[in-house]
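Here is what each chain is made of, one letter per residue.
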Amino acid sequence: MFNSTKAPKLKTVFLTILLLGIVCLCAQGQSAYRVDGTVMDSETNSPLEFANASILTPSDSSLVAGSTSDANGAFSIAANPGTYILKVQFISYAPRFRRITLSESNPVVNVGPVTLSPDSEILSEVVVTGQKDQMQLELDKRIFNVSANLQNVASNASEILDNLPSVSVDVEGNVSLRGNSNVRILVNGKPSGLVGISSPDALRQLQGDMIERIEIITNPSARYDAEGSAGIINIILKKEREHGLNGSFVLNTGYPQNFGFSTNLNYRKGRFNVFGSYGINYRENPGGGFNDRISRDTLFTFIENDRLRTGTSYNYRFGTDFTINDKNMITFSVMSRISDEDNFTDITYFDRTASRGLINNTLRKESQEEADNNLEYQVNYKRDFKGNGHELTAQFQYRDNSESQLSAIDSANLLLDSPLELYQRSSTEELDRNVLMQVDYVYPFKKGQKFEAGYRGTLREIANDYIVEQVDGAGNFFPLVNFSNKFTYNEDVHALYSIYENKMVKWGYQVGLRVEQTNITTFQRETNDTNHKDYLNAFPSAFITYNLDNMRTLQASYSRRLSRPRFWFLNPFSSYSDPRSIRTGNTDLNPEYTDSYELGLLNNLKKSSFYLGGYYRYSTGVIDRIQTSVDGINTVSTPRNIGIENAYGIEANFTTDPTDWLNLNGNANFYRAVTKGRYNDIVLDRDTYTARFRLNSKIKIKKVDFQISGNYMAPEKQTQGTRKSLYYMDLGANKDVLKGKGTINLSVRDLFNSRKYRGTTITNNFTESSKFQWRSRQIRLSFSYRLNQKKKRERGGQREDDFDEEEF
């Protein structure tokens, strides 16, 4: 049994052992010297992300070290003392060169803003054959260029997330990170209606062709929302930076039925940049499973579930950047997601006595119509001040989302051969309105030192009107009082944060503090019950980095996080699809708090990157769904605050290019969780070990790229049972056509149709085994066409042997 009073000692022991283990792998490197700078567009004075900065030897132009610019255009290159040539370049821009010298008296050279000008001749002649690496490792996050993964073509956001290391999506679409479902999902760094209101279905309707990359931040700084104890998943949508008119078009088909079209267009000239995207998709997802339940050794129930989810979704995005002058820029954008679904579920019940005699055989047939409408407006403003990186940004966002569901439920007694008759019906109307206001200020006041501060306020109001009706003997419908309710939820969160950062020659550190005031009010119409939750919390964060040498960096980090109860965890009336397995909410839930520690080593080699790290999370007020049953036949699942949890893990990521025709990348996550919980007289303790492995290989044979990926999730003990192992394999292949302007892609997801969630549940009144498959094996074929646009280049730019020595 785990004693919470020992947590601080265990934290110290864990981090000390892990630090010694990693340091033993490393040798003390030479003194680190650094070149810093920022890459800017000469016409718009906006930063250029993914620009390539390299330092070369003056004698033969050979590559010494390199880096790429971040979203703010900033880059930093570590090197030994000496005199070099700095080369800064970006596709379709003329390169810039500068001689620099690193010495004991001048260990850090800041070249300031490096302005690049578009080169029409380069743009018309350049041919780039590389693509971005699928996985890029950075100190505070991992970046996944999802468009480089062949299996992601014609996929939705939920499928793409489930294909990422350390991320898993369960049968209901809930996303978890490193085994923890309390993860915050953002779009372009902000909350968005594109990820849904009260259910995870919206991720299945967001088309993957709109997504440029996904960032996974396991230990966020004070700059980010404190929400999400497991971390943050940030979905970055596509937005081109090229001059003139350019874009792409994607047409896809598949089996089971999957038809879609999407386009991304961008026009940039002078001070204006206009961007837009559109996508339409129709898909069918057949699935199903069973529950085999034993109630007190007297009743044996087998529940067979077959379902078909069909629907059409539309995604729109439009916006414009306007550079007012060389110091001010403003961006307007609007996004919309509209979907219409028709879902069908057949549930068949087989009830048998202890002697296995069949006493009941009932068919419950549900037809559901669902409509979602999401609209989002956003205005961004950026002001640059004198000095590199000195800026003020402001954002305003308004979201108006609505969801509606209408269900008709027929029932038939198969033992009596009775016909299907309308038995029940239900309807749900849900509205979600959000306002976000944010201001951030960054002030670099000394070389390597920076101060940040900001404010974020979010105002959210959700209204849910849910009613279930049943037919009486006269054929009239009457409401089921215990399952009908109007529920409203109001949440106001105001936050202030500040960060101090200091980058030295070998060391660097960052400390931050975020303070959030949360006010939550819920109201139930049926019970006339109002519930208030008000709390003020401080969330510190700290990061320390140490450059062992030019290729290896050690980092330790800490942050405090919280997970507020989700809306559908609070809504007391949430589901009646299966009357034998009812899911409800709990308005009295409190937040879950987590202290998160990480220590890791990042090793960048010439053709490889490797990350090895350990993490520890201490959580209080842990939220878990608890299943109970009064009669052993009908179960009710309700979220509860059950106790504390200590989670330990070791994670390794790697990516390597052993040859020109082969790329390998993989992830391994070993995880242990010790939970000490209780609800009423139910003991909810667990001590579980589990792991997840993912290996991906990309092979180029002549002019065709092939990709094979495999995933394995080890079994995991839960508070009321066990989740069994899960494994699956995906295949993909593509070929460029039309002189590189088009690409044909073929992919197969879940090749062996083995992706089935299996588990057991054990309570005082019943035991149950279950298996469920959300979607069966899928085959997809797509065609992409690029307009005035080359295939995406490698993020790191050209390789060493790609430099043109004639330029020197």
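Residues numbered from 1 in each chain as written. Predicted model: local features only at pLDDT ≥ 70, side-chain atom pairs only at ≥ 80, totals over all residues. Heavy atoms only, no water.

1. Brief notes about the environment of Ile303
Defined as follows: Counting from the N terminus, the helices are the DSSP runs of H or I reaching at least four residues and the strands are the DSSP runs of E reaching at least two. The criterion used for residue contact is that any of the two residues' heavy atoms lie within 4.5 Å.
Turning to its location among the elements, Ile303 is positioned in strand 18 (residues 299–325). Each C-alpha atom of the pair Ile303 and Asn361 lies 9.9 Å from the other, and the pair is 58 residues apart in sequence. Excluding anything up to four places from it in sequence, Ile303 contacts Gly289, Phe290, Asn291, Arg293, Ile347, Thr348, Tyr349, Asp578 and Arg580.

2. Some words on the sheet that holds strand 4 (residues 74–79)
Which entries qualify depends on this criterion: Paired strands, in this sense, are two strands between which DSSP finds at least two bridges. Interaxial angle, 0 to 180 degrees, is taken between N-to-C directions of lines fitted to C-alpha atoms, where a helix line uses only the stretch in contact.
The strand order across the open sheet formed by 3 strands is 4-1-7, and the pairing between neighbours is mixed. The two strands at the open ends of the sheet, each matched to only one other strand, are strand 4 and strand 7 (108–116). Between one strand axis and the next, the sheet turns by 20 degrees as a mean value, whatever way the strands run. In this structure, strand 1 (residues 33–41) lies alongside strand 7, joined through 7 bridges in parallel fashion. Opposite Val35, over in strand 7, you have Val109 as the bridge partner.

3. Quick notes on the sheet that holds strand 3 (residues 63–68)
Strand order in the open sheet formed by 4 strands is 3-2-5-6, with antiparallel pairing between adjacent strands. Across the chains shown, the open sheet's two edge strands, defined by having one partner strand only, are strand 3 and strand 6 (96–102). Averaged over all adjacent pairs, the angle separating strand axes in this sheet is 25 degrees, with direction ignored. Two strands pair when backbone bridges link them, and strand 2 (residues 52–56) and strand 3 are joined in this way by 5 bridges, in the antiparallel orientation. Within the sheet, the bridge partner assigned to Asn52 lies in strand 3 and is Thr68.

4. Here's the deal with a nonpolar patch on the surface
Where we set the bar: Each patch groups residues whose relative accessible area exceeds 30% and which form no salt bridge, using 9 Å between like charges and 5 Å between nonpolar side chains of Val, Leu, Ile, Met, Phe, Trp and Tyr. What sets the accessible areas is the Shrake-Rupley method with a 1.4 Å probe; for residues, cover comes only from the shown protein chains. By definition, a salt bridge exists where a carboxyl oxygen of Asp or Glu is found within 4 Å of a side-chain nitrogen of Lys or Arg.
Nonpolar side chains collect at one region of the surface, where Leu251, Tyr255, Phe261, Leu738, Ile744, Leu746, Ile779, Leu781 and Phe783 lie side by side and expose about 830 Å² of accessible area between them. Those elements that place two or more of their residues in the nonpolar patch are strand 15 (244–255), strand 40 (742–749) and strand 43 (778–787). The greatest single-element share of the nonpolar patch, amounting to 3 residues, is contributed by strand 43.

5. Some words on the pattern of salt bridges
We apply this condition: Residue exposure (1.4 Å probe, protein chains only): buried if accessible area is under 20% of the type maximum, exposed if over 50%, otherwise partly exposed.
Evaluated as defined, the whole model comprises 31 salt bridges. Across the pair Glu452 and Lys450 runs a salt bridge whose closest N-O atoms are separated by 3.8 Å. Look at Glu452 and you get buried, because its relative accessible area is 4%. Between Arg672 and Asp687 there is a salt bridge, with its nearest N and O atoms 2.8 Å apart. One end of the pair, Arg672, is in strand 33 (residues 662–679); the other, Asp687, is in strand 35 (residues 686–701), and 15 residues separate them in sequence. Of the residues examined, Arg672 reaches a relative accessible area of 26% and is grouped as partly exposed.

6. Digging into the packing of aromatic side chains
One pair of aromatic rings is described through two measures. These are the centre distance and the angle between the planes. Where we set the bar: Stacked, tilted and edge-to-face are the three classes assigned to paired rings of Phe, Tyr and Trp, where Trp is represented by its six-membered ring and a pair needs centres within 6.5 Å; plane angles under 30 degrees give stacked, over 60 edge-to-face, the rest tilted. Remark: a charge is flagged as sitting over a ring if the NZ atom of Lys or the CZ atom of Arg is within 6 Å of the ring centre and within 35 degrees of the ring normal.
Applying the stated rule across the entire model yields 18 aromatic pairs. With a centroid separation of 5.0 Å and an interplanar angle of 40 degrees, the aromatic rings of Tyr616 and Tyr648 are classed as tilted. A residue pair is termed long-range when its members are at least 10 positions apart, and Tyr616 in strand 31 (residues 608–628) and Tyr648 in strand 32 (residues 635–659) qualify at 32 residues. For the pair Tyr616 and Tyr648, one class covers both residues: buried. Taken together, a centroid distance of 6.2 Å and an interplanar angle of 45 degrees make the contact between Phe772 and Trp774 tilted. This pair shows no difference in class: Phe772 is buried, exactly as Trp774 is. Through pairs of rings, three or more aromatic residues link up here, namely Phe385, Tyr441, Tyr443, Phe445, Tyr500 and Tyr509. Over the ring of Phe477 we find Arg425, and its NZ or CZ is 3.9 Å from the ring centre.

7. Observations regarding the nonpolar core
The nonpolar side chains of soluble globular proteins are, as a tendency, buried together. Where we set the bar: Nine residue types can take part in a nonpolar core, namely buried Ala, Val, Leu, Ile, Met, Phe, Trp, Tyr and Cys, and a core is a set of them joined through side-chain atoms within 4.5 Å.
Grouped together as the largest cluster of nonpolar side chains are 23 residues, with contacts concentrated most on Ile55, Phe75, Leu86, Val88, Ile100, Val111 and Leu116. Among the secondary structure elements, those contributing two or more residues to this core are strand 1, strand 2, strand 4, strand 5 (82–89), strand 6 and strand 7. When residues in this core are grouped by element, the largest group, 4 residues, is from strand 7. Core analysis: the second largest hydrophobic core is formed by 21 residues, Ile160, Leu161, Leu164 and Ile211 among them.

8. Considerations on the environment of Ile85
Residue position: Ile85 is located in strand 5. Classification of Ile85 by relative accessible area gives buried; the value is 11%. A sequence separation of 21 residues divides Ile85 from Val64, and the C-alpha atoms of the two residues are 9.8 Å apart.

9. A short note on the pairing of strand 27 (residues 529–547)
Note that strand 26 (residues 507–524) and strand 27 share 18 bridges and pair antiparallel. Opposite Leu513, over in strand 27, you have Pro540 as the bridge partner. The sheet contact formed by strand 27 and strand 28 (residues 552–563) spans 7 bridges and is antiparallel. Across the sheet, residue Asn547 finds its bridge partner in strand 28, namely Thr553. Here strand 27 folds back onto strand 28 in antiparallel fashion, the turn holding 4 residues.

10. A few points about unusual backbone geometry
Most peptide bonds adopt trans geometry, and most residues besides glycine take a negative phi value. The peptide bond linking Tyr255 to Pro256 adopts the cis configuration, its omega dihedral lying at -5 degrees. Structurally, Pro256 can be placed in the loop between strand 15 and strand 16 (258–269). Look at Lys702: it is not a glycine, yet its phi comes out positive at around 55 degrees. Looking at where Lys702 falls in the secondary structure, it is placed in the loop between strand 35 and strand 36 (704–713). For Lys702, a relative accessible area of 78% translates into the label exposed. One non-glycine residue, Lys739, lies in positive phi territory at about 60 degrees.

11. Section: the confidence of the model for the protein
Let me state the cut-off plainly: Think of pLDDT as the predictor's per-residue confidence, scored from 0 to 100.
Mean pLDDT for the protein: 82, with 84% of residues reaching 70 or above. Low confidence marks residues 120–133, where pLDDT is under 50. Its contacts with residues over four positions away, or in another chain, come to 31 contacts. Here residues 792–808 is a poorly scored stretch, pLDDT under 50, and it has 47 contacts once near neighbours within four places are set aside; other chains count.

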